[in-house]
Amino acid sequence: MRLIQIFAAAAIALVSTFAVADDAADKAIRQSLEKLELEVPVESISASPLPGMYEVKLKGSRVLYASADGQYIVQGNLYQLANGKPVNLTEKTERLGISKLINAIPVAETVVYPAVGETKSHITVFTDTTCPYCHKLHAEVPELNKRGIEVRYVAFPRQGLNSPGDEQLQAVWCSKDKKAAMDKMVDGKEIKAAKCDNPVSKQFALGQSIGVNGTPAIVLADGQVIPGYQPAPQVAKLALGAK
C-alpha cells in the first residue's frame, strides 16, 4: 500500500469540528478504503479539523485522512498552529487511542512490578526474555519503582509466535509466580511451567496493532510509545509528565 504523505502547513490555523461523517461521505470513504485492502478494520469516520477532509480511525489507533468523495486518501501528520506553535493533531489522536487500548489490559494479565510507596504513574512494557536491551531495562526496574513508577510487562516475542522467545514468555505467564519467573528467565535460568491458556499471542497482536516492531517498547499512561531502551531517569521523567 502506497499512500500520499502529508505534512500540513503549520502556518494554517484550523478550527476543530469533530462531527460524525454524513452517510454519503462515510459510504464513499469506506468503499475507497476497501479497494486499498488495508487489512485493518475502520473504527470510525468523522470530520477532521481541516475543512473538506475526514479523519479515519483504524483499529489499533492509526489515523488516515480522506476527502468527502473518497478519491483522496492521506497518511501522515496533520498540524495545527496554536498560539504560534505547531501541534501534531494526528499524534494526539493516536496517543489517545493507544492509551485506551493499553490501559484496558487487565492488570492480572500483566507481570507487575509495583512502585515503592506512592504510585505516581505506570508504564506498560512490551518485552521479550531473549532481548538483551529488555534485560538492561529490567535491571533498572527497581530504580523506576523507587521513583514511584509501576512497571507492567506484556509479552511481545520479537521473532514471532512459536519462536524461543514465545516459548519462554508462555512459561513465564503460565507460572504461579510470574514475577519470580520473569526474574529467573531474564537472569538466564530455565524455568518449567505446565502449558496453560495465556495472553501471549493476544498481547503480541495488540503490540503489532499499535506499531510495536521491536523490544523493549515502553508505553506511557497517555499512550506515548517509546521504542527501545531508555535509562530509568529518562523513563521516569517522561512517565511522570504523562500521568
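A quick note: this is a predicted structure, and the numbers were derived from the prediction, not measured.

### Quick look at the sheet that holds strand β10 (residues 149–155)
Next up, step 1: As summarised here, the arrangement of the five strands in space is β8-β10-β9-β11-β12, forming an open sheet in which the pairing is mixed. Lying at the two open borders of the sheet, with one neighbouring strand each, are β8 (111–113) and β12 (225–227). In this sheet, adjacent strand axes meet at a mean angle of 20° when their direction is disregarded.
Next up, step 2: Of the strand pairs in this sheet, strand β9 (residues 121–127) and β10 are connected by seven bridges, and their pairing is parallel. Residue pairing in the sheet places Ser121 in a bridge with Ile149 of β10.
Next up, step 3: Against the sheet, helix α2 (residues 89–103) touches β9, β11 (217–220) and β12, its axis set at about 85° to β9.
Next up, step 4: Contacts from helix α5 (residues 164–173) reach β8, β9 and β10, with the element oriented near 125° to β10.

### Considerations on the nonpolar core
In globular proteins that are soluble, nonpolar side chains generally tend to be buried together.
Next up, step 1: Counting 29 residues, the largest nonpolar core has Ile123, Tyr153 and Trp173 as its most contacted members.
Next up, step 2: Of all the elements in the fold, those that place two or more residues in this core are β8, β9, α4 (141–146), β10, α5, α6 (178–186), β11 and α8 (232–241).

### With respect to the side chain of Glu140
Next up, step 1: Of note, Glu140 is situated in the loop between α3 (132–139) and α4.
Next up, step 2: One buried charged side chain, Glu140, makes no salt bridge at all; its nearest oppositely charged neighbour is Lys136, positioned 6.1 Å away.

### Brief notes about the pattern of salt bridges
Next up, step 1: Enumeration according to the criterion identifies nine salt bridges in this entry.
Next up, step 2: For Arg30, the salt bridge identified is with Asp26, shortest N-O distance 2.6 Å. Separated by four residues within a single helix, Arg30 and Asp26 lie in helix α1 (residues 23–36), roughly one turn from each other.
Next up, step 3: Residue classification places Arg30 among the partly exposed residues on the basis of a relative accessible area of 30%.
Next up, step 4: Residue classification places Asp26 among the buried residues on the basis of a relative accessible area of 18%.
Next up, step 5: Between Arg95 and Glu91 there is a salt bridge, and its shortest N-O distance comes to 3.6 Å. On the criterion of helical spacing, the pair formed by Arg95 and Glu91 is a turn pair, its members being four residues apart in helix α2.
Next up, step 6: The partly exposed category is assigned to Arg95, whose relative accessible area is 24%.
Next up, step 7: In this structure Glu91 comes out as partly exposed when scored by relative accessible area, which is 37%.
Next up, step 8: The structure contains a network of salt bridges with shared partners spanning Glu91, Arg95 and Asp222.

### Description of the state of the cysteines
Next up, step 1: According to the stated counting rule, one finds one disulfide in the structure shown.
Next up, step 2: A sulfur-sulfur distance of 2.0 Å marks the disulfide that ties Cys174 to Cys196. In this structure, the disulfide formed by Cys174 and Cys196 twists by about -95° around the S-S bond and is classed as left-handed. With Cys174 in the loop between α5 and α6 and Cys196 in the loop between α6 and α7 (200–209), this residue pair connects regions lying 22 residues apart in the sequence.
Next up, step 3: When its relative accessible area of 17% is taken as the criterion, Cys174 is described as buried.

### Points about the packing of aromatic side chains
Next up, step 1: Tallied over the entire structure, the rule returns four aromatic pairs.
Next up, step 2: Ring geometry for Phe126 and Phe156: centres 6.1 Å apart, planes at 90°, overall edge-to-face. With Phe126 in strand β9 and Phe156 in the loop between β10 and α5, the pair connects residues that are 30 residues apart, well separated along the chain. Both residues of the pair, Phe126 and Phe156, belong to the buried class.
Next up, step 3: With a centroid separation of 4.8 Å and an interplanar angle of 50°, the aromatic rings of Phe156 and Phe204 are classed as tilted. Of the two residues, Phe156 is situated in the loop between β10 and α5 and Phe204 in helix α7; the sequence distance between them amounts to 48 residues.
Next up, step 4: Residue classification places Phe204 among the buried positions, given a relative accessible area of 11%.
Next up, step 5: These aromatic residues form a ring-pair network of at least three members: Phe126, Phe156 and Phe204.

Parameters at a glance
- Residues numbered from 1 in each chain as written.
- Predicted model: local features only at pLDDT ≥ 70, side-chain atom pairs only at ≥ 80, totals over all residues.
- Heavy atoms only, no water.
- Pairing = 2+ DSSP bridges.
- Helix = DSSP H or I, 4+ residues; strand = E, 2+ residues; numbered from the N terminus.
- Axes fitted to C-alpha atoms, helices over the stretch in contact; angles between N-to-C directions.
- Contact = heavy atoms within 4.5 Å.
- Core = buried A, V, L, I, M, F, W, Y, C linked by side-chain atoms within 4.5 Å.
- Buried < 20%, exposed > 50% of the residue type's maximum accessible area, 1.4 Å probe, protein only.
- Lys, Arg positive; Asp, Glu negative; His and termini not counted.
- Salt bridge = Lys/Arg side-chain N within 4 Å of Asp/Glu carboxyl O.
- Disulfide = S-S within 2.5 Å.
- Phe/Tyr/Trp six-rings, centres within 6.5 Å; stacked < 30°, edge-to-face > 60°.

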